[in-house]
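# Fold and geometry: a report
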Amino acid sequence: GDLVRPFAAGIDGASGGVDPAGVVSERRLSDLRGLFRDAAALERAVGEGDEVVYRVVAAPVPEVEGEVPFSVTTIEAGRVGDEFYMTRGHAHPEPQGEVYFGLSGRGVLLMYDGEEVRWVEIRPGVAGYIPPGWAHRTANVGGEPFRFLAVYPGSAGHDYAIVAEGGMGARVVRSAAGYEVVEEPGG
Ligand code: M6P
Ligand code: ZN
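Predicted model, so just to flag it, every value in this text is computed and none were measured.

The rules we used
Residues numbered from 1 in each chain as written. Chains lettered and ligands numbered in written order. Predicted model: local features only at pLDDT ≥ 70, side-chain atom pairs only at ≥ 80, totals over all residues. Heavy atoms only, no water. Near = heavy atom within 4 Å. Areas by Shrake-Rupley, 256 points an atom, 1.4 Å probe, with all protein chains shown as cover. 1 Å grid on protein atoms, 1.4 Å probe; cavity = no way out; pocket = protein on both sides within 12 Å on 5 of 7 lines; lining within 4 Å. Sits in = over half its atoms within 2 Å of the grid points. Helix = DSSP H or I, 4+ residues; strand = E, 2+ residues; numbered from the N terminus. Nonpolar A, V, L, I, M, F, W, Y, C, P; charged D, E, K, R; others polar. Pairing = 2+ DSSP bridges. Axes fitted to C-alpha atoms, helices over the stretch in contact; angles between N-to-C directions. Donors = N, O, S within 2.8 Å, 3.2 Å for Na, K, Ca; no water. Tetrahedral: all angles 85-135°; square planar, octahedral: opposite > 155°, others 65-115°. Buried < 20%, exposed > 50% of the residue type's maximum accessible area, 1.4 Å probe, protein only. Salt bridge = Lys/Arg side-chain N within 4 Å of Asp/Glu carboxyl O. Lys, Arg positive; Asp, Glu negative; His and termini not counted. Contact = heavy atoms within 4.5 Å. Phe/Tyr/Trp six-rings, centres within 6.5 Å; stacked < 30°, edge-to-face > 60°. Lys NZ or Arg CZ within 6 Å of the ring centre and 35° of its normal.

## Digging into the site of ligand 1
Close to ligand 1 lie 15 residues, the nearest being Tyr54, Thr73, Tyr100, His158 and Tyr160. For ligand 1, whose free accessible area comes to 370 Å², the fraction covered by protein is 94%. According to the grid-proximity analysis, the pocket containing ligand 1 is the largest pocket. Of all the secondary-structure elements, those providing two or more residues to the shell around ligand 1 are β4 (52-58), β5 (70-75), β8 (98-104) and β13 (146-151). Considering only residue class, the shell around ligand 1 consists of 7 nonpolar, 6 polar and 2 charged.

Here's what the structure looks like:
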């Protein structure tokens, strides 16, 4: 097919905007059923307005081999029970890497290869590297929106079932120190 022509995009770290933008997607609490430990707290929050947990604004680059799509994700501040607002999480069916770059706020990039859990904190100016074969999820561990730029191979794809069914091996929860990453089989 036709490849995209050269272009520049504005990345607004204060709003999460990408200009020009492609597909914009939103995930609400009700889209995250089954992922948080406290299912009752999730249902209460769904009943109390079902707020948007995160939004992804993609640049107009197609997800096809050879292209390098990029997007800005904004995760709102909040928790379900003790667990911080987070993305669904996925793995790349074609095992390919990905880079996340912090734009605003503070988050945790959680990675899981099916056995080992690794995580890194992402702040503005920090790049996190996701190696091929590691499922990944981000959580907002701060009190303001957490925003990051993601750059990934166009043929990587998104496998959500592997995380929905097998979990990430750990949860990102509130603690006296602010947050902690707690390893939990099936979590
Ligand atoms: C980043 C990238 C996207 C991903 C998004 C939200 O922007 O990794 O590919 O879609 O985060 O994460 P998820 O798809 O797991 O909801
Ligand atoms: Zn990915």
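Anyway, onward from the coordinates.
## Structural notes on the sheet that holds strand β10 (residues 117-122)
Strand order in the open sheet formed by 3 strands is β10-β9-β12, with antiparallel pairing between adjacent strands. Looking at strand neighbours, the two that pair on one side only are β10 and β12 (135-140), the edges of this open sheet. When strand polarity is set aside, the average angle formed by the axes of neighbouring strands in this sheet is 20°. When strand β9 (residues 107-112) meets β10, the two strands line up antiparallel, connected through 6 bridges. Bridge pairing links Tyr112 to Val117 in β10.

## Structural notes on the coordination of the zinc ion (ligand 2)
For the zinc ion (ligand 2), every protein donor is listed as His90 (NE2), His92 (NE2), Glu98 (OE) and His136 (NE2), and the spread of their distances is 2.0 to 2.1 Å. Metal-centred angles of 87 to 159° between the 4 donor atoms at the zinc ion (ligand 2) mark the site as irregular. As a motif over one chain, the donors of the zinc ion (ligand 2) read H-x1-H-x5-E-x37-H. Residue class for His92 comes out buried when judged on its relative accessible area of 8%.

## With respect to the pattern of salt bridges
Side-chain pairing between opposite charges can occur once the charged atoms of the two side chains come close. The tally for this structure, following the rule as stated, stands at 9 salt bridges. Where Glu26 meets Arg55, a salt bridge forms, and the shortest distance between an N and an O atom there is 2.6 Å. Of this pair, Glu26 sits in strand β3 (residues 24-28) while Arg55 sits in strand β4, and the two are 29 residues apart along the sequence. Overall, the relative accessible area of 30% leaves Arg55 in the partly exposed class. Taking the shortest distance from any N to any O, the salt bridge between Arg106 and Glu121 comes out at 3.6 Å. Here Arg106, found in the loop between β8 and β9, pairs with Glu121, found in strand β10; they are 15 residues apart in sequence, far enough to count as distant. Here the salt bridges share partners, and the residues they tie into one network are Arg37, Glu83, Arg171 and Glu184.

## Some remarks on the side chain of Arg137
With respect to the helices, strands and loops of the structure, Arg137 is situated in strand β12. Although Arg137 is buried, it forms no salt bridge, and the closest oppositely charged side chain is Glu83 at an N-O distance of 5.4 Å. Sequence-distant contacts of Arg137, defined by excluding residues within four places in its chain, comprise Leu35, Met86, Thr87, Arg88, Gly89, Val108, Leu109, Leu110, Val163 and Met168.

## Quick look at the packing of aromatic side chains
Here the structure, examined in full by the defined rule, presents 4 aromatic pairs. Taking the centre distance of 6.3 Å and the plane angle of 15° together, the rings of Phe7 and Phe70 count as stacked. In this pair, Phe7 is assigned in the segment before β1 (10-12) and Phe70 in strand β5, connecting sequence segments 63 residues apart. Put simply, the rings of Tyr100, Phe146 and Phe148 touch in pairs and so form one group of aromatic residues. The ring of Tyr160 is capped by Arg88, whose NZ or CZ atom sits 3.8 Å from the centre of that ring.

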